[in-house]
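# Architecture at a glance
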Amino acid sequence: MADSKANAGRLLDIRNLRIEATVYPPGEAPKTITLVHDVSLTLEKGKVLGLIGESGAGKSTIGLSSMGYGRGGVRITGGEVILNGRDILKGGKEGLRKLRGREVCYVAQSAAAAFNPAHRLMDQVVEATLLHGTATRAEAEKRAVALFKKLSLPNPETIGERFPHQVSGGQLQRVMTAMALCSEPDLIVFDEPTTALDVTTQIDVLAAIKDAIRDTHVAALYITHDLAVVAQVADEIMVLRHGRLVEWGGTRQIIKEPRQEYTNALVSVHEIEHNEQQPGTTPMLSVKNVTAAYGGGLVKVLKNVSVDIYPGQTLAVVGESGSGKSTLARAITGLLPPEQGSVFFDGRTLGNRLADRPKEDLRQLQMIYQMADVAMNPRQTVGTIIGRPLEFYFGIRGRERDKRVAELLDQIEMGKGFIDRYPAELSGGQKQRVCIARSLAAKPKLIICDEVTSALDPLVAHGILKLLLNLQQIEKVAYLFITHDLATVKSIADSIAVMYRGEVVRYGSKSKVLAPPFDAYTDLLLSSVPEMEIGWLEKAIAGRRMESAGN
Amino acid sequence: MSSPVVKLVAQRVALGILLLLAVSVLIFAGTQILPGDVAQAILGQSATPESLANLREQLGLNQPAYIRYFHWLGGVLTGDLGTAMSSGQDIATSIKERLWNTLFLAFWAAIVAIPLAITLGLIAVRYRNGWVDKMISGVALASTSFPEFFIGYLLVFYFAVEHQWFPAISTVYDGMSLGERLQAIALPAAALTLVVLAHMMRMTRAAILNVMQSAYVETAELKGLSAFAVIRKHAFPNAIAPIINVVMLNLAYLVVGVVVVEVIFVYPGMGQYLVDHVTKRDVPVVQAVGLIFAAVYIALNIIADIAAIVANPRLRHPK
């Protein structure tokens, strides 16, 4: 055919893809919703296309359609998916099975969940290769070991003998990339491969993925909500929203000269002006030399930690997972009584254990969590959820309670119409807003925010941060803001504590902590945050190599 | 084998032994609370107080309860279960053969029922929510819902009376060949299989469906594995712990709960023996049989626990 000759370099050609799903809303008849509206895209051999957008934009759904796969009840109802010159949607189940794991491979967001805990890594890595009969077991294992080396995994010869739980998250993500590359596919779908990783780990995995793509000439669909990340690996970027195409162009054009307003919003997100407040004279809450441990003192997670929080100000606690950030929050709230040291609040010592604290102390310290949907009772309405602290702490009931709930809803920029809704009927951002209202209802002096924006899309997170800053102005509430995201820290903090392995390694006002000279860990943390700039990754990696050579 | 597994297994075994001791106290205490004692039972209503006192002295019944308990326990530990009042026979000797018969029946019922239940469970998951799944679930549920005596008599009616393929009465005796024995127990084994099948099948189905939601199942599907290979290779190994638990519970039922089936088929096993002696109020026999049933139950549950520990790669291969 003339057509196929003209498209000789073309690997994937998706035309007018339409994807639908049937949803079953409670109390209503099932209805069909359209997730992807007539999206078309093409991908040349060896090129990388970034798919970007907030959750619900249809990124993963489009990515998986290149394997003819629909998650849950998702169905491809229209359009063509032409891979290597044939429409895979017409090949039937057998045809799809032959291409999955052979022509197209998939790298999932959480490798920790995507590896089968019951089998050794090597068995899983070579499984697809053996299934499709493209190599013998010995060849496949040799190939896998070579890939482990290429992805700079430790002990490449023996890491395949391990089980998934014996390997760290960042390493697993690299093993998963090796698994995808092992069958020597034409296309790999990377579905948020670094989103679940710490910022310091993300940079290594990102570099490993980029090198592997370059050296194996495999094409890739790279799905993420982080524009700065995709700018490092993609040749072209496609911006999606609500299952529709917003903008599609070269990487440089998208991040430097976005043509659509939505793209512009994505590019300029996170730039919140926040003037740092100077610490007052007396701290409201003081953590003094707190040491805490799990397992009856066996695992020390906090070592001699001291920080102060001043009234109406924000202390940000930054660090990677396992650094003890959330444990600090648990020690302050009394959920994990410290082994040594104590917590002072408003000039008095707080009881170490939760049970030792009077109701008044409980009221003054409130918490907001990362996962808003599991922090609310799914069988209670928004009105009940927000009204509960009013009843519990102040004994406000009936009409007065409803009035107060309506005021609170107003404060979090949600209308009165939400009062009878259930959490399941809210979006992620709305759920987090309800949690904020619930904590405000207690009129606390301090709110501990534990990664409250980590599970949200950048634009939604941006809105939540702005709301929190506004509320701080009005209510004069102080925040202890736990996060691993340095961009968030810059836009919200007055002072910063950097934690590493249970210790505070750097502490002071924001301007002081974020100004050189840096200690080694803070430097690593700061230099690992992806910047929206082509070539940042190479620079950052090169900077690190020089440093380690210098050491 | 690595140390955490050994430690956990040792803990389970120790707990099991402790539990068995506690059960033995309960069984002994339970039979003490009953009105009357062995002496009264032997001599009957017309006994004079003098003869009762004499017999109690003779049997050691006038000693305090805890001494009698340790006496009984000591006997059990050395293999002496006492003598049956009704027949004067040594309990250990009469139980030995019957226990063997019961285990033989349970073993063959299990050999058929467990693989069948798991296979049906896997098939039900493969065709979940389709007609195959619904049919398997429906038939299995129906067979469990019928009382076992009803199934037993149905089997007797078709296979023994109408067609005369198998005997209606499962008598076994010394000198029977394995084939003859198997033919004799075919009907009671079939009845037991039908009773325990659905429970195991449904648990297998539910446990596997639970892990079918996991990301690693999706990974396997995206490697191009066939639907059945995904279930067998990737879902089943992670669903094994709850399945083993239910299998062991049902195995225990096969040993302990066969009373009705054994009576229907007049099979000379533990159940029949227990029923006979309960009607005769033969307390030492009831105590001995109760203790053996408890031991079987506890042992199988320990095996289930240990199997679940060994099946967990996190415990088998610590970091």
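For clarity, every value in this text was computed on a predicted model and none was experimentally measured.

## Looking at the overall build of chain B
Looking only at helices and strands, one finds 15 helices and zero strands in chain B. Taken along the three principal axes of its C-alpha coordinates, chain B extends 85 × 60 × 35 Å. Expressed as a percentage of the 319 residues in chain B, the buried residues total 43%. Intrachain contacts of chain B at a sequence separation of at least 6 include 73% that bridge at least 24 residues. Accessible surface for chain B amounts to roughly 16300 Å². Of this, 67% is attributable to carbon and sulfur atoms. Distance between charge centroids for chain B: 18 Å, based on 20 positive and 17 negative side chains.

## A closer look at the domain arrangement of chain A
All names here are of chain A. Here the domain parsing of chain A yields domain 1 (45-60 + 94-267) and domain 2 (313-324 + 355-515). On a C-alpha basis, the centres of domain 1 and domain 2 stand 34 Å from each other. Tallying the contact residues gives nine residues for domain 1 and six residues for domain 2. Taken over both partners, the interface formed by domain 1 and domain 2 buries close to 700 Å², and the fraction arising from carbon and sulfur atoms is 52%.

## Considering the nonpolar core
Within the largest apolar cluster, 92 residues are counted, with the highest numbers of intra-cluster contacts made by Leu12(A), Ile62(A), Phe148(A), Leu187(A) and Tyr222(A). Apart from the residues lying within four places of it in its own chain, the contact partners of Ile62(A) are Ile14(A), Leu17(A), Val36(A), Val39(A), Leu41(A), Leu51(A) and Leu240(A). Grouped together as the second largest cluster of nonpolar side chains are 85 residues, Ile95(B), Ile114(B), Ala191(B) and Val230(B) included.

## A short note on the state of the cysteines
Here, the word disulfide means a covalent bond between the sulfur atoms of two cysteines. Residues and elements named next belong to chain A. One pass over the full model with this rule turns up zero disulfides over all chains. Just so you know, cysteine 105 is unpaired, no disulfide at all, and the nearest cysteine sulfur is the one on cysteine 182, 8.8 Å from it. Cysteine 435 supplies the cysteine sulfur nearest to cysteine 449, a cysteine that is in no disulfide, at a spacing of 11 Å. Of the residues examined, cysteine 449 reaches a relative accessible area of 0% and is grouped as buried.

## Considering the environment of Tyr69(A)
Tracing the backbone shows Tyr69(A) in the loop between helix H2 (59-65) and strand E4 (74-83). C-alpha of Tyr69(A) to C-alpha of Leu89(A): the two residues are 20 residues apart in sequence and 9.8 Å apart in space. Here Tyr69(A) is in contact with Leu64(A), Arg100(A), Glu218(B), Glu221(B) and Leu222(B), once residues within four sequence places are set aside. Within the structure, the side chain of Tyr69(A) is placed 2.4 Å from the side chain of Glu221(B), a separation counted as a polar contact.

Scoring rules and cut-offs
Residues numbered from 1 in each chain as written. Chains lettered and ligands numbered in written order. Predicted model: local features only at pLDDT ≥ 70, side-chain atom pairs only at ≥ 80, totals over all residues. Heavy atoms only, no water. Helix = DSSP H or I, 4+ residues; strand = E, 2+ residues; numbered from the N terminus. Buried < 20%, exposed > 50% of the residue type's maximum accessible area, 1.4 Å probe, protein only. Contact = heavy atoms within 4.5 Å. Areas by Shrake-Rupley, 256 points an atom, 1.4 Å probe, with all protein chains shown as cover. Lys, Arg positive; Asp, Glu negative; His and termini not counted. Charge placed at Lys NZ, Arg CZ, Asp CG, Glu CD. Domains from an automatic or database assignment. Buried area = accessible area lost by both parts, 1.4 Å probe. Core = buried A, V, L, I, M, F, W, Y, C linked by side-chain atoms within 4.5 Å. Disulfide = S-S within 2.5 Å. Polar contact = N/O pair within 3.5 Å; in protein donor to acceptor, adjacent residues only side chain to side chain.

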